[in-house]
Amino acid sequence: MNIGKMPITAHLSELRKRITVALISVLVLFIVAFNFSDRIFQLLMYPLRSELKLSLKSPYLFFIEKAANTVTKLVFLAPAEAFWMHMKIAFVTAIVVGSPVI
């Protein structure tokens, strides 16, 4: 079927189908990512827990763990802030991983 010759209702039904598929994929990936949000958070925190060093010998770039007293700590000021942080991490992960489907 030639896309240019489709009536407007056919275009709208195709759009509805594609939006539905995208939303379902994001929802499924959100549920999966929420289960792994603590691990993803630890991965995102890695640059705060380590230092990037340069060297003239191989390996040229490497990470060194910081001492325990110099590690930056995050503070949650509201009771639900940690929960919302995990929700945001899961949502952004779902969007990034689901971008080929979207």
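Being a predicted model, the structure only gives us computed values, none of them experimental. (Residues numbered from 1 in each chain as written. Predicted model: local features only at pLDDT ≥ 70, side-chain atom pairs only at ≥ 80, totals over all residues. Heavy atoms only, no water.)

(A) Fine view of helix H3 (residues 81-97). The terminal C-alpha atoms of H3, which comprises 17 residues, lie 24 Å apart, in line with the 24 Å expected from a rise of 1.5 Å per residue. Turning to H3, its buried residues are Met85, His86, Ile89, Ala90, Thr93 and Ala94. Burial along H3 is one-sided: seen end-on, the buried residues are contained in an arc of 165 degrees. Contacts made by the buried residues of H3 are with helix H1 (8-35) and helix H2 (37-49). (Helix = DSSP H or I, 4+ residues; strand = E, 2+ residues; numbered from the N terminus. Expected span 1.5 Å × (residues − 1). Buried < 20%, exposed > 50% of the residue type's maximum accessible area, 1.4 Å probe, protein only. Arc of directions from axis to C-beta. Contact = heavy atoms within 4.5 Å.)

(B) Seen up close, the side chain of Ser50. Following the sequence through the fold, Ser50 ends up in strand S1 (residues 50-54). Ser50 gets classed as buried once you look at its relative accessible area, which sits at 4%. Of note is the side chain of Ser50, whose polar atom sits 2.9 Å from the backbone oxygen of Tyr46. Excluding residues that lie within four positions of it along the chain, Ser50 makes contacts with Phe63, Ile64, Glu65 and Lys66. (Polar contact = N/O pair within 3.5 Å; in protein donor to acceptor, adjacent residues only side chain to side chain.)

(C) Structural view of the packing of aromatic side chains. Summed over the entire model, instances satisfying the criterion amount to three aromatic pairs. Judged by centre distance (6.2 Å) and plane angle (75 degrees), the ring pair of Phe34 and Phe83 falls under edge-to-face. Taken together, the positions of Phe34 in helix H1 and Phe83 in helix H3 put the pair 49 residues apart, joining distant regions of the chain. Phe83 gets classed as partly exposed once you look at its relative accessible area, which sits at 42%. (Phe/Tyr/Trp six-rings, centres within 6.5 Å; stacked < 30°, edge-to-face > 60°.)

(D) Layout of the confidence of the model for the protein. Looking at the protein as a whole, its pLDDT mean stands at 88, while 91% of the residues score no less than 70. Across the protein, H3 holds the top mean pLDDT of 96, while strand S2 (residues 61-65) sits lowest at 79. (pLDDT = per-residue confidence, 0-100.)

(E) Up close: the pairing of S2. Taken together, the five bridges between S1 and S2 define a ladder with antiparallel strand orientation. For Leu52, the partnering residue across the bridge sits in S2 and is Phe63. Here S1 folds back onto S2, and the loop between the two strands holds six residues. (Pairing = 2+ DSSP bridges.)

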